[in-house]
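Reading the structure
These are the residues of each chain, in order.
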Amino acid sequence: MPISEFDRSSDPESIASALRRDGAAVVTGLADVEVVETVRTELRPELDASGLRTESDFNGSKTLRISNVLSVAPSAAALVDHDMVVAVADEVLLPHCATYQISSLTAIEILPGEGAQALHRDDTPFPIDNAGMELQIGVMWALDDFTEENGGTRVVPGSHRILRSWHLPDLSKWEAADMSKGSALFYLGSMWHGGGANRSNASRMGLINVYSLGWLRQESNQYLNHPPEIAAKFAPRLRALLGYTPHGSGDDLLGTFRGKCTAWVDTPPEPQWREERGQVGTAADAKAQSGV
Ligand SMILES: O=C(O)CCC(=O)C(=O)O
């Protein structure tokens, strides 16, 4: 089953429907080419300096990865906090949480000669298996043209429908995301996917952002990857996405500062950050978006 394609003028509801049906969808030409080029340039020194620190059987030995993406590449904010991404994530995640967050943020450069990564699900760390409740949505931005030959992300369409406690899907039925630089592959956290083998003679760079329900622990600690002095430079919604906001306000209140009931009012860690109402998924946001 080929991966459905949309473009930057498509409506987020249609993309979310394709995701619910197939588990993955590509949106072509979503990022401006200048943004992509700037992000690539900003990522380069850190990828070269520390990209191999994550070397492992799973991550590969010819793949560079870094997680402090926004600390070294501030221009990537335009991708992480992209309106289309947030609109699709709203559709998929907000039915199940008060506000959602970034679970992991990783720049990945697959070098020539790297083998295929094991197919996997991003939801694996969470021991929950609830049909109809998606825990995460991933967005892989192509910072190079992605092809099957250079390691374009492989996905197994339909594999999100098989609960983990049931049978394994047929993982031989994968499709490689074939997409031009600046396009984005959206996929559900329940979807089986993985990096492809790079059989070309050029590297393949991508930026993968995973957004999760706000009541789950982040896979990669965004407060350490992007400490307050870095987060202070970002827009309120991006700070909220990094987790610098509590989840909910009533019985669902989580992420308070100093652990006191009364302290959440002036958290976190700058009082005005909360006043700016940067959270995604709040009533205030919904009102602002609808223009009412
Ligand atoms: O690099 C890719 O295309 C996918 C990487 C991935 O899924 C992962 O590392 O979890």
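Residues numbered from 1 in each chain as written. Predicted model: local features only at pLDDT ≥ 70, side-chain atom pairs only at ≥ 80, totals over all residues. Heavy atoms only, no water.

**Some remarks on the nonpolar core**
To keep it simple, the criterion reads: Remark: nonpolar core denotes a set of buried residues (Ala, Val, Leu, Ile, Met, Phe, Trp, Tyr, Cys) joined through side-chain atoms within 4.5 Å. Three exposure classes are used, based on accessible area relative to the maximum for each residue type with a 1.4 Å probe and protein chains only: buried under 20%, partly exposed in between, and exposed over 50%. In this description a helix means any DSSP run of H or I spanning at least four residues, a strand means any run of E spanning at least two, and both kinds are numbered starting from the N terminus. Pairs of residues are marked as contacts when any of their non-hydrogen atoms sit within 4.5 Å.
Within the largest apolar cluster, 71 residues are counted, with the highest numbers of intra-cluster contacts made by Leu 43, Trp 141, Leu 185, Phe 186 and Tyr 211. In terms of residue count, the dominant contributor to this core is helix H5 (residues 83-93) (7 residues). Not counting residues within four places of it along the chain, the set of residues in contact with Phe 186 comprises Leu 19, Gly 23, Ala 24, Ala 25, Val 27, Leu 30, Met 84, Val 85, Val 88, Ile 137, Gly 138 and Val 139.

**Some points on the sheet that holds strand E9 (residues 193-194)**
What counts is decided by this rule: Two strands are said to pair when DSSP picks up at least two bridges between them.
Judged by pairing direction, the sheet is antiparallel, and its 3 strands sit side by side in the order E7-E6-E9 without closing on themselves. Edge positions in the open sheet fall to strand E7 (175-176) and E9, since each of these has one partner strand only. Relative to E9, strand E6 (residues 154-155) is paired through 2 bridges, and the arrangement is antiparallel. The residue bridging Val 155 from the neighbouring strand is His 193, located in E9.

**Topic: the site of the ligand**
Stated formally: When at least one non-hydrogen atom of a residue lies within 4 Å of a molecule or strand, that residue is treated as near it. We call two N or O atoms a polar contact when they sit within 3.5 Å, provided that within protein one can donate a hydrogen and the other can accept it, with sequence-adjacent residues counted only if both atoms are side-chain atoms. Per-residue and other accessible areas were derived by the Shrake-Rupley procedure at a 1.4 Å probe size, with only the shown protein chains allowed to occlude residues. For this scheme, ten residues count as nonpolar: Ala, Val, Leu, Ile, Met, Phe, Trp, Tyr, Cys and Pro. Four count as charged, namely Asp, Glu, Lys and Arg, and the remainder, Gly too, count as polar.
In the vicinity of the ligand, the residues found are Arg 65, Ile 108, Ile 110, Gln 117, His 120, Met 140, Thr 153, His 193, Gly 194, Gly 195 and Arg 204. One of the side-chain N or O atoms of Gln 117 is found 3.0 Å from an oxygen atom in the ligand. Coverage of the ligand by the protein chains reaches 93% of its 300 Å² of free accessible surface. Breaking the shell around the ligand down by element, the ones donating at least two residues are strand E4 (100-110) and E9. In the shell around the ligand, the residues fall into 3 nonpolar, 6 polar and 2 charged.

**Examining the environment of Ile 15**
Summarising the element assignment, Ile 15 is placed in helix H1 (residues 12-22). When near neighbours in sequence (up to four residues on either side) are disregarded, Ile 15 contacts Phe 6, Ser 10, Ala 25, Val 27, Met 84 and Val 88.

**Quick word on the pairing of strand E5 (residues 136-142)**
Along E5, 7 of the 7 residues are buried, which leaves the element largely enclosed by surrounding structure. Burial along E5 is two-sided: Gln 136, Gly 138, Met 140 and Ala 142 facing one way and Ile 137, Val 139 and Trp 141 facing the other are all buried. Across 7 bridges, the pairing between E5 and strand E10 (residues 204-213) is antiparallel. Bridge pairing in E10 links Met 140 to Ile 208. In this structure, E5 lies alongside strand E8 (residues 184-188), joined through 5 bridges in antiparallel fashion. Directly across from Ile 137, in E8, lies its bridge partner Leu 188.

**Regarding the sheet that holds E4**
Short version of the rule: Axis lines are fitted to C-alpha atoms, over the contacting stretch for helices. Their N-to-C directions set the angle, which ranges from 0 to 180 degrees.
If you walk across this open sheet you meet the 7 strands as E1-E2-E8-E5-E10-E4-E3, and the pairing is mixed. If you trace the sheet from one side to the other, it starts and ends with strand E1 (4-7) and strand E3 (63-66), each paired once. Geometrically, the sheet is characterised by an average inter-axis angle of 25 degrees between neighbouring strands, direction not taken into account. Strands E3, E4, E5 and E10 of the sheet are contacted by helix H2 (residues 33-50), whose axis makes an angle of about 105 degrees with E3.

**Structural notes on the environment of Val 80**
Secondary-structure assignment places Val 80 in helix H4 (residues 77-80). Its relative accessible area of 0% is what places Val 80 among the buried residues. Separated by 158 residues in the primary sequence, Val 80 and Leu 238 have C-alpha atoms spaced 7.7 Å apart. Those residues in contact with Val 80 that lie beyond four places of it in its chain are Leu 70, Val 85, Ile 102, Leu 105, Asn 209, Tyr 211, Leu 238 and Leu 241.

**Points about the packing of H1 against H5**
Where we set the bar: The scheme is simple: roughly parallel for angles under 35 degrees, roughly antiparallel for over 145, roughly perpendicular for 65 to 115, oblique for anything else. For any helix crossing, the convention is left-handed if the near helix is rotated counterclockwise from the far helix by under a right angle, and right-handed if that rotation is clockwise.
Their axes nearest at 9 Å, the elements H1 and H5 cross at an angle of 55 degrees. It follows from the interaxial angle that H1 and H5 lie oblique. The way H1 lies across H5 gives a crossing that is right-handed. Two secondary-structure elements touch here, H1 through Pro 12, Glu 13, Ile 15, Ala 16, Leu 19 and Arg 20 and H5 through Met 84, Ala 87, Val 88, Glu 91 and Val 92.

**Some details on H1**
Put simply, the rule reads: Starting at the helix axis, one direction is taken to each C-beta atom, and the arc is that of these directions.
Among all positions of H1, only Pro 12, Ile 15, Ala 16, Ala 18, Leu 19 and Asp 22 are buried. Projected down its long axis, H1 carries its buried residues within an arc of 160 degrees, all on one side. Where H1 is buried, its residues touch E1, strand E2 (24-28), H5, E5 and E8. Where H1 terminates, the next one or two residues include Gly 23, which has phi positive at roughly 95 degrees.

**Let's talk about the side chain of Gln 218**
Mapping Gln 218 onto the fold places it in the loop between E10 and helix H6 (222-225). For Gln 218, a relative accessible area of 11% gives the class buried. Among the polar contacts made by the side chain of Gln 218, one reaches the main-chain amide nitrogen of Gln 222 at a distance of 3.3 Å. One polar contact links the side chain of Gln 218 to the main-chain carbonyl oxygen of Leu 242, over a distance of 2.9 Å. Not counting residues within four places of it along the chain, the set of residues in contact with Gln 218 comprises Gln 101, Ile 102, Ser 103, Tyr 223, Leu 242 and Gly 243.

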